[in-house]
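# Working through the structure, step by step
What follows is the residue order along each chain.
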Amino acid sequence: MAAWGSQFSSGDQSSDARKAFWANGFKTCVVCGSTVTETKEVAGCRHNGDGYGTDVFTCTNPKCSWSTSFQYDEAGDGPYYYETRGWRLPGQEEPPKPPPPKAPYSTGDQAHAARHRFWDRLGMAACAQCSAPVSRADDVAGKGGQGHEFGTAIFTCTRQGCGWLTSFKYDKAKVPEWVETKDWPRGITALKVTELGVWLLKAGLGHLVEPFHAECIDGETLVRIQDSLGSYPKLKVSQEDGEKLRAAIAAYAHPEPARTAPRQAAAKGPAAAAGSAGARCCPS
């Protein structure tokens, strides 16, 4: 590479004047509108013949004497006058960048038992407090690579005076769409902790009261009982107790329309009365 000098800047280097001169195609003086002359000051030449240097532009009007300069590089990967990289003509300003995508969020009732019941037992169609219909509003956070939306769906009770609402994060590119429910089991019955002991006693399973309390999930006010008892390792339920418990859960979830009178149950003996009470008096 041969070098004869260095690139330099001369004349008017104000941004507004140089941009105006660049916008008119380096043809006329930005002060008086006269034509300009161009003087190429080569600073060097590379082995492939690409040169670099400075072009000096001078107004031809002797009463003006305005001039400016632009550095160039014939081997550059951008504009010939590389100082003009990113410049735009009036009306061609770069459009504003879109705001960064929002992250899905959570709002409203986030208690697991309420949300699980809403998702599982109510089909995300009825309020978890009053069973009135709910409305849904999607707050789209963005779109994935294939255009699939993701965001937050907000469910609000439509009954005046209730005010219950909850939210679920969704991603239409994933299965399940409700990403928070990926590991949620179906078919769960929820019982209030304060009534759990009474329910177990009536089901003939009073010795499971303490283990069930130990399984209280995340300190919530509800304990979840699942058909698959393996999800509660602290219970250590025997096969016999497991059968009783499953039967009691089934009776709780699907009570018989006709209830046995207490007097008739008592006539069959204390054990039958206890079993009967467990089947028909489980708290809701």
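Whatever comes next refers back to the structure up there.
Residues numbered from 1 in each chain as written. Predicted model: local features only at pLDDT ≥ 70, side-chain atom pairs only at ≥ 80, totals over all residues. Heavy atoms only, no water.

### Some remarks on the packing of aromatic side chains
Let me state the cut-off plainly: Aromatic contacts are taken between Phe, Tyr and Trp rings whose centres are within 6.5 Å, Trp giving its six-membered ring; a plane angle under 30 degrees counts as stacked, one over 60 as edge-to-face, and the others as tilted. Think of it this way: any DSSP run of H or I at least four residues long counts as a helix, any run of E at least two long counts as a strand, and we number them from the N terminus. Per-residue accessibility, obtained with a 1.4 Å probe over protein chains only, is compared with the maximum for each type, and a residue is labelled buried under 20%, exposed over 50%, and partly exposed between these values. As a reminder, the over-ring test applies to NZ of lysine and CZ of arginine, requiring each to be within 6 Å of the ring centre and within 35 degrees of the ring normal.
In the structure shown here, the tally under the stated rule is 23 aromatic pairs. When the ring of Phe21 is compared with that of Phe57, the centres are 5.1 Å apart and the planes differ by 65°; the resulting orientation is edge-to-face. Of the two residues, Phe21 sits in helix H1 (residues 15-23) while Phe57 sits in strand S3 (residues 51-59), which places them 36 residues apart along the sequence. The pair Phe21 / Phe57 is uniform in exposure class, with both members buried. An aromatic cluster is built from Phe21, Trp22, Phe26, Phe57, Trp66, Phe70, Tyr72, Tyr80, Tyr81 and Trp87, whose rings are joined through pairwise contacts. Here the guanidinium or amino end of Arg18 rests over the ring plane of Phe70, the centre of that ring lying 4.2 Å away. Over the face of the ring belonging to Tyr72 we find Lys40, whose NZ or CZ atom lies 4.2 Å from the ring centre.

### Considering the environment of Gly204
Its place among the elements puts Gly204 in the loop between helix H3 (193-202) and helix H4 (209-214). The exposure class assigned to Gly204 is partly exposed, which follows from its relative accessible area of 40%. When the C-alpha positions of Gly204 and Lys244 are compared, they lie 8.1 Å apart, and in sequence the two are 40 residues distant.

### Examining unusual backbone geometry
Among all residues except glycine, the phi angle is most often negative; among peptide bonds, the trans geometry is most common. The omega torsion of the bond from Val175 to Pro176 falls at 0°, within 30 degrees of zero and hence cis. Considering the arrangement of structural elements, one finds Pro176 in the loop between strand S7 (165-171) and strand S8 (189-192). Even without a glycine there, the phi angle at Ser131 is positive, about 70°. Within the secondary structure, Ser131 sits in the loop between helix H2 (112-120) and strand S5 (134-143).

### With respect to the nonpolar core
Here is a general trend for soluble globular proteins: nonpolar side chains tend to be buried in one another's company. The condition that has to hold: Only buried residues count toward a nonpolar core. Its members are Ala, Val, Leu, Ile, Met, Phe, Trp, Tyr and Cys residues joined through side-chain atoms within 4.5 Å.
Counting 18 residues, the largest nonpolar core has Phe118, Met124, Phe155, Trp164, Phe168 and Trp178 as its most contacted members. Listing elements by their share of this core, those giving two or more residues are H2, strand S6 (149-157) and S7. Residues Cys29, Val36, Phe57 and Tyr81 belong to the second largest nonpolar core, which totals 13 residues.

### What about the sheet that holds S6?
Keep this limit in mind: Strands are treated as partners if at least two bridges between them are detected by DSSP. Axis lines are fitted through C-alpha atoms, for helices just across the contact stretch, and the angle between N-to-C directions can take any value from 0 to 180 degrees. Residue contacts are counted whenever heavy atoms from the two residues lie within 4.5 Å of one another.
Strand order across the open sheet formed by three strands is S5-S6-S7, with antiparallel pairing between neighbours. The strands lining the two open edges of the sheet, one partner per strand, are S5 and S7. Across the sheet, the axes of successive neighbouring strands diverge by a mean angle of 20°, strand direction being ignored. As judged from the seven bridges shared by S6 and S7, these two strands associate in the antiparallel manner. Its bridge partner being in S7, Phe150 is matched across the sheet by Asp171. On top of the sheet, H2 reaches S5, S6 and S7; it is set at about 65° to S7, its chief contact.

### Some remarks on the pairing of S3
Burial analysis of S3 places eight of its nine residues in the buried class, the great majority of the element. One ladder, built from nine bridges, connects strand S2 (residues 36-45) with S3; its direction is antiparallel. By the bridge assignment for S3, Val42 is matched with Gly53. Between S2 and S3, which pair antiparallel in sequence order, lie five residues; one of them, Gly49, sits at a positive phi of approximately 95°. Relative to strand S4 (residues 67-73), S3 is paired through seven bridges, and the arrangement is antiparallel. By the bridge assignment for S4, Asp55 is matched with Phe70.

### Here's the deal with the pattern of salt bridges
Spelled out, the test is: For salt bridges, the criterion is a side-chain nitrogen of Lys or Arg within 4 Å of an Asp or Glu carboxyl oxygen.
Going through the model one piece at a time under the given rule, you end up with six salt bridges. The shortest N-O distance in the salt bridge between Lys40 and Asp55 comes to 3.1 Å. With Lys40 in strand S2 and Asp55 in strand S3, this pair connects stretches of sequence that are 15 residues apart. Overall, the relative accessible area of 0% leaves Asp55 in the buried class. A salt bridge links Glu149 to Lys172; its shortest N-O distance comes to 3.8 Å. Taken together, the residues Glu149 in strand S6 and Lys172 in the loop between S7 and S8 connect sequence positions 23 residues apart.

### Observations concerning H1
The line we're drawing: The arc in question is traced by the directions running from the helix axis to the C-beta atoms.
For H1, the complete set of buried residues consists of Ala17, Arg18 and Phe21. For H1, the buried positions fall inside an angular range of 95° around the axis, keeping them on one side. On the buried face of H1, the contacting elements are S2, S3 and S4. Just downstream of H1 lies Gly25, where phi reads positive at about 80°.

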